Amino acid sequence: MPDDPRTLAVLTSGGDAPGMNAAVRAVAKVGAARGLRVVGVEDGYDGLIDGRFRPLTFDDGNGQFRAAAEVDRLSGLGGTTLGSARSPRFRTAEGRSTAAKRIEGMLGLVVIGGDGSLTGARALGSEHGVKVMGIPASIDNDIGCTSSALGVDTALNTIVDACDKIADTASSHRRAFVVEVMGRRSGYLAMAAAIAVGADGVLLPEHGRSEEAVLDAVEQLVRAGLGKAGDKRRVLVLKAEGVAIPCTKLVRIVEERMRALDATIEVRATVLGHLVRGGAPSYFDRMLGNRLGLAAVEALLAGASGEMVAWLATVQGGSRTNDPSIRRFPLDQVLDETAALLDGTSPVTQWRLRLLESVEGVLPL
Ligand code: ADP
């Protein structure tokens, strides 16, 4: 299959995210409509190294390509049906060289994934001249240059639904709950969900609080809400995974401190974990996946490479595509901005923290 400029490859890599399948669907459909054979690569960069391709289009006998029937179902499916993998082999120069040979001469490769996957895509382009186009997918919303990555909206809907349910039982028993959500390096999910569920507080890695400071803050919140002067039915605190103190330890210590005051106060923990990654994508993630997929194919056909297609809620910078909300950014810029998002120096991170501070009183932590 290499050496065919009418063939386009697509892979999903790194942490899976709802909406990845929708993007694959659009790549296959749009590719076929533009006269391309589209192949899916199984299990991300690992499958690329091994040459594990899955046809997503077929030749209709008249020299035209059509999307395979399985593609029709893709928009509504969670996870990634192509499979994803962490690939240590691809981190080696030898692994990337083998991977590049598998797609040599093809029109290009669409990489749907997060920070690491886009870094890998950039390396394929710069080291071996592979034409790559990235599509951001990460439930943590920690990718630069895009307002939203695939999976964020679905993950937030799942968290909101889970917190509403936890709040029902918490209110029935006048309990405090700490709910931990994914986000090792970025507290975006906890922050955004906290506002939507009317949480009493939110704990983010970006705050950089010590363990003792976290314990004191939660204790004060539980005391104010459920202590003698408190009139709350429940106290709900959202904690991002990246806040170093484990949830079980946090609630154990806070409950011990509260018990010294009032033996009836109960503090519980729920870790949502991988629940937040799964499930059928929301309307927004399906729409986003399809539009980004379309833009990625058009960009490669127009001769662009080494870029990522991004969704911009407010349009600024970047070069135009046919879709006014979608812009292309060089992978170098995307990865620099991603690093700044994660180390807190990005204006976007600082703006998010300022936003939180501005709602102090609504969210006391
Ligand atoms: P995500 O894309 O969700 O951030 P990872 O960080 O696990 O997930 O990256 C996915 C894959 O991308 C890795 O398993 C690896 O094969 C590849 N990758 C990550 N970082 C690099 C890098 N610096 N150079 C080359 N490949 C990388």
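Residues numbered from 1 in each chain as written. Predicted model: local features only at pLDDT ≥ 70, side-chain atom pairs only at ≥ 80, totals over all residues. Heavy atoms only, no water.

1. Notes on the domain arrangement of the protein
Taken as a whole, the protein is organised into domain 1 (7-151 + 281-344) and domain 2 (155-278). Inter-centroid distance (C-alpha atoms) of domain 1 to domain 2 is 36 Å. At the junction of the two partners, domain 1 supplies eleven residues and domain 2 supplies eleven residues. In total, about 1000 Å² of surface goes out of reach between domain 1 and domain 2, with carbon and sulfur atoms giving 49% of it. (Domains from an automatic or database assignment. Contact = heavy atoms within 4.5 Å. Buried area = accessible area lost by both parts, 1.4 Å probe.)

2. Structural notes on the site of the ligand
Taken together, 15 residues lie around the ligand, and Gly-15, Arg-86, Ser-87, Gly-116 and Ser-117 are the ones closest in. Taking Gly-15, its main chain carries an N or O atom lying 3.0 Å from an oxygen atom of the ligand. The separation between an oxygen atom of the ligand and a polar main-chain atom of Asp-115 is 3.4 Å. Within the complex, the protein chains bury 80% of what would otherwise be the 550 Å² of accessible surface of the ligand. (Near = heavy atom within 4 Å. Polar contact = N/O pair within 3.5 Å; in protein donor to acceptor, adjacent residues only side chain to side chain. Areas by Shrake-Rupley, 256 points an atom, 1.4 Å probe, with all protein chains shown as cover.)

3. Brief notes about the environment of Gly-151
Tracing the backbone shows Gly-151 in the loop between strand 7 (132-136) and helix 5 (152-173). For the pair Gly-151 and Gly-289, spaced 138 residues apart in the sequence, the C-alpha separation amounts to 9.2 Å. Those residues in contact with Gly-151, other than ones at most four positions away along the chain, are Ala-17, Pro-18, Ile-139 and Asp-285. (Helix = DSSP H or I, 4+ residues; strand = E, 2+ residues; numbered from the N terminus.)

4. Overview of the nonpolar core
In this structure, Leu-109, Ile-112 and Leu-238 are the most contacted members of the largest nonpolar core, which totals 95 residues. Of the residues that make up this core, three or more belong to each of domain 1 (7-151 + 281-344) and domain 2 (155-278). With near-sequence residues (within four places) excluded, Leu-109 lies in contact with Leu-8, Ala-9, Val-10, Leu-11, Leu-48, Ile-103, Leu-124, Val-130, Lys-131, Val-132, Met-133 and Leu-300. Counting 21 residues, the second-largest nonpolar core is a separate cluster that includes Val-235, Val-237, Val-254 and Met-258. (Core = buried A, V, L, I, M, F, W, Y, C linked by side-chain atoms within 4.5 Å. Buried < 20%, exposed > 50% of the residue type's maximum accessible area, 1.4 Å probe, protein only.)

5. A look at the packing of helix 4 (residues 115-128) against helix 10 (residues 331-343)
For the pair helix 4 and helix 10, interaxial distance at closest approach is 10 Å and the crossing angle is 150°. Between helix 4 and helix 10, the angle falls in the class roughly antiparallel. In this structure, helix 4 meets helix 10 at a crossing whose hand is left-handed. Contacts from Asp-115, Leu-118, Thr-119, Ala-121 and Arg-122 of helix 4 reach helix 10 at Leu-331, Asp-332, Val-334, Leu-335, Thr-338 and Leu-342. Its residues assigned to classes, the contact of helix 4 with helix 10 comprises six nonpolar, two polar and three charged. (Axes fitted to C-alpha atoms, helices over the stretch in contact; angles between N-to-C directions. Parallel < 35°, antiparallel > 145°, perpendicular 65-115°, else oblique. Left-handed = near helix turned anticlockwise from the far one by under 90°. Nonpolar A, V, L, I, M, F, W, Y, C, P; charged D, E, K, R; others polar.)

6. A word on the sheet that holds strand 12 (residues 307-311)
Adjacent strands of a sheet form backbone hydrogen bonds with each other and so pair up, either parallel or antiparallel. Taken together, the seven strands give an open sheet; going across it, the order is 3-2-1-6-7-12-13, and neighbouring strands pair in mixed fashion. Either end of the sheet is taken by a strand with one partner, and the two such strands are strand 3 (53-55) and strand 13 (326-330). Adjacent strand axes in the sheet meet at a mean angle of 30° when their direction is disregarded. With five bridges connecting them, strand 1 (residues 7-12) and strand 2 (residues 37-41) associate as parallel partners. Residue pairing in the sheet places Thr-7 in a bridge with Arg-37 of strand 2. The strands touched by helix 9 (residues 283-301) within the sheet are strand 1, strand 6 (108-113), strand 7, strand 12 and strand 13, with strand 12 carrying the most contacts at an inclination of about 145°. (Pairing = 2+ DSSP bridges.)

7. A short note on the environment of Ala-93
Note that Ala-93 resides in helix 3 (residues 93-102). Here Ala-93 falls in the exposed class, since its relative accessible area comes to 51%. For the pair formed by Ala-93 and Glu-127, sequence separation is 34 residues and the distance between their alpha carbons is 9.0 Å.

8. As for the packing of aromatic side chains
A full pass over the atoms with the stated rule returns two aromatic pairs. Relative to Phe-90, the ring of Tyr-45 lies with its centre 3.8 Å away and its plane at 5°, an arrangement referred to as stacked. Residue Tyr-45 is found in helix 2 (residues 44-50), and its partner Phe-90 is found in the loop between strand 5 (65-67) and helix 3; the two are separated by 45 residues along the sequence. Take Tyr-45: its relative accessible area is 4%, and that puts it in the buried class. Each ring, one from Phe-284 and one from Trp-311, has its centre 5.8 Å from the other, and the planes form 85°; the classification is edge-to-face. Here Phe-284, found in helix 9, pairs with Trp-311, found in strand 12; they are 27 residues apart in sequence, far enough to count as distant. Owing to a relative accessible area of 23%, Phe-284 belongs among the partly exposed residues under this scheme. For Trp-311, a relative accessible area of 11% corresponds to the buried category. (Phe/Tyr/Trp six-rings, centres within 6.5 Å; stacked < 30°, edge-to-face > 60°.)

9. A short note on the sheet that holds strand 11 (residues 267-271)
An order of 9-10-8-11 is seen for the four strands of this open sheet, with the pairing classed as parallel. Whereas interior strands pair on both sides, the edge strands pair on one side only; in this sheet they are strand 9 (201-203) and strand 11. On average, each strand axis in the sheet is inclined to that of its neighbour by 20°, with strand direction left out of account. Note that strand 8 (residues 176-181) and strand 10 (residues 235-240) share six bridges and pair parallel. Its bridge partner lying in strand 10, Val-179 is registered against Leu-238. Where helix 5 meets the sheet, it contacts strand 8, strand 10 and strand 11, and its direction lies at approximately 165° from that of strand 8. Strands strand 8, strand 9, strand 10 and strand 11 of the sheet are contacted by helix 8 (residues 247-259), whose axis makes an angle of about 175° with strand 11.

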